[in-house]
Amino acid sequence: MLVRMLAHLLTATGLLALLTLVPGPDMAVVTRRAVAAGRADGLRTVAGIACGLLVWGALTAAGLAALLAASAEVYLAVKLAGAAYLVFLGVQSLRRAGRDTGVRIDDGAGTSGDSPDAGGNGNASGNGNGSSNGGAWRTGLVANLLNPKIAVFYTGLLPTLAPPVPPGLPPATGMGLLVLVHVLLTLLWLGSYVYVLSRAQRLFTRPRVRRALDRLTGIVLIAFGVRVATAAS
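The text that follows walks through the structure, step by step, so that each part is easy to find. (Residues numbered from 1 in each chain as written. Predicted model: local features only at pLDDT ≥ 70, side-chain atom pairs only at ≥ 80, totals over all residues. Heavy atoms only, no water.)

Quick word on the overall build of the protein
Looking only at helices and strands, one finds 11 helices and zero strands in the protein. Looking at the protein as a whole, 46% of its 233 residues qualify as buried. Long-range contacts, defined as pairs at least 24 residues apart, comprise 79% of the intrachain contacts of the protein with a sequence gap of at least 6. For the protein, the exposed area adds up to about 11,200 Å²; of that, 68% sits on carbon and sulfur atoms. (Helix = DSSP H or I, 4+ residues; strand = E, 2+ residues; numbered from the N terminus. Buried < 20%, exposed > 50% of the residue type's maximum accessible area, 1.4 Å probe, protein only. Contact = heavy atoms within 4.5 Å. Areas by Shrake-Rupley, 256 points an atom, 1.4 Å probe, with all protein chains shown as cover.)

Some thoughts on the packing of aromatic side chains
By the definition in use, this model includes three aromatic pairs. Each ring, one from phenylalanine 153 and one from tyrosine 154, has its centre 5.6 Å from the other, and the planes form 45°; the classification is tilted. With relative accessibility at 15%, the residue phenylalanine 153 sits in the buried group. Judged by its relative accessible area of 0%, tyrosine 154 is buried. Taking 6.5 Å as the distance between ring centres and 25° as the angle between the ring planes, the aromatic pair formed by tryptophan 189 and tyrosine 193 counts as stacked. With tryptophan 189 and tyrosine 193 both in helix H9 (residues 172-199) and four residues apart, the pair spans about one turn of that helix. By relative accessible area, tryptophan 189 is classed as partly exposed at 29%. (Phe/Tyr/Trp six-rings, centres within 6.5 Å; stacked < 30°, edge-to-face > 60°.)

Notes on the environment of glutamine 201
Among the secondary structure elements, glutamine 201 is positioned in helix H10 (residues 201-204). Taking C-alpha positions, glutamine 201 is 9.3 Å from alanine 37, a pair spaced 164 residues apart along the chain.

Regarding the environment of leucine 187
Here leucine 187 shows up in helix H9. Among the residues examined, leucine 187 registers a relative accessible area of 35% and is labelled partly exposed. Linking leucine 187 and isoleucine 49, residues 138 residues apart in sequence, is a C-alpha distance of 8.6 Å. The residues contacting leucine 187, other than those within four sequence positions of it, are Val46, Ala50 and Ser192.

Comments concerning helix H3 (residues 39-62)
Spacing of three or four residues puts side chains on the same side of an α-helix, whose turn is 3.6 residues. For H3, which comprises 24 residues, the first-to-last C-alpha distance of 35 Å matches the rise-based estimate of 34 Å (1.5 Å per residue) to within 8%. Downstream of H3 by one or two residues, glycine 63 has phi in the positive range, about 85°. (Expected span 1.5 Å × (residues − 1).)

Description of the packing of helix H2 (residues 25-37) against helix H11 (residues 207-230)
Running from N to C, H2 and H11 point in directions that differ by 155°, and their axes come no closer than 10 Å. The angle between H2 and H11 falls in the class roughly antiparallel. Read as a crossing pair, H2 and H11 show a hand that is left-handed. Contacts between H2 and H11 involve Pro25, Ala28, Val29, Thr31, Arg32, Val35 and Ala36 on the former and, on the latter, Arg210, Leu213, Thr217, Val220, Leu221 and Phe224. (Axes fitted to C-alpha atoms, helices over the stretch in contact; angles between N-to-C directions. Parallel < 35°, antiparallel > 145°, perpendicular 65-115°, else oblique. Left-handed = near helix turned anticlockwise from the far one by under 90°.)

Structural notes on the packing of H2 against H9
Running from amino to carboxyl end, H2 crosses H9 at an angle of 35°, the nearest separation of the two axes being 10 Å. As for how H2 packs across H9, the hand of that crossing is right-handed. From H2, Asp26, Met27, Val30, Thr31 and Ala34 reach across to H9, where they touch Trp189, Leu190, Tyr193, Val194 and Leu197. Its residues assigned to classes, the contact of H2 with H9 shows eight nonpolar, one polar and one charged. (Nonpolar A, V, L, I, M, F, W, Y, C, P; charged D, E, K, R; others polar.)

Side note on the side chain of aspartate 26
Counting through the fold element by element, aspartate 26 comes out in helix H2. Notably, aspartate 26 is buried but unbridged: the nearest opposite-charge side chain belongs to arginine 32, and the N-O separation is 12 Å. Leaving out residues up to four positions away in the same chain, aspartate 26 has contacts with Ile49, Asn144 and Leu190. (Lys, Arg positive; Asp, Glu negative; His and termini not counted. Salt bridge = Lys/Arg side-chain N within 4 Å of Asp/Glu carboxyl O.)

Here we look at the nonpolar core
Grouped together as the largest cluster of nonpolar side chains are 23 residues, with contacts concentrated most on Leu16, Trp56, Leu68, Tyr154, Leu158 and Leu178. Only helix H1 (2-21), H3, helix H4 (64-70), helix H5 (72-97), helix H7 (148-156), helix H8 (158-161) and H9 provide two or more residues apiece to this core. For this core, the leading source of residues is H9, giving six residues. Setting aside anything within four residues of it in sequence, one finds leucine 68 in contact with Trp56, Val74, Tyr75, Val78, Pro148 and Ala151. With 10 residues, the next largest nonpolar core counts Leu86, Leu89, Leu221 and Phe224 among its residues. (Core = buried A, V, L, I, M, F, W, Y, C linked by side-chain atoms within 4.5 Å.)

Treat this as a map of the structure, not an account of what it does.
Right, dumping it as structure tokens:
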């Protein structure tokens, strides 16, 4: 039983890894925060996304995610809210692209420069406790929670991948294990992506490059928003 469980888990992990690597709204949101305010904000955004996945896992275990996936009205409401949020973030990036503001390079110790959600003045407090910190985490959390596709994924595909559990363990154990694997893969992948972006942070401080990236990120976020809004349920 244990060998069979491990083999099944390995196969499921490989599929989850492929799905995690596919670019989506989460990656666009992380790009926006990491480029705008540096590595620390990017990692906080990744942490918010991971917390969102844990919430979806808990909702799935409680049966609420299945209710959302089965209810056309609720699904539509969450879908439109998520699409509106992505478009809002995209518009913010496009607006920021029109302003020639300086950015302090993140030193990896929690201080960052321009924060897209820190009151709109283009400056974070710089003490590691400013609104940029919570704003980045909330951005990742909200963007993930307002993605109804996660509910469909967790209630549709994930149960088919759940490995068999030894007798005596709750049936939901396999699902819970896969949720944790998905969270860890997400942290690893997006965390590594933020690190790569941070290596080029000095390039992003150049006004012309910064404006181009803000425009590109804004367009991508808006495109994802439109895609989420118009996608078939």
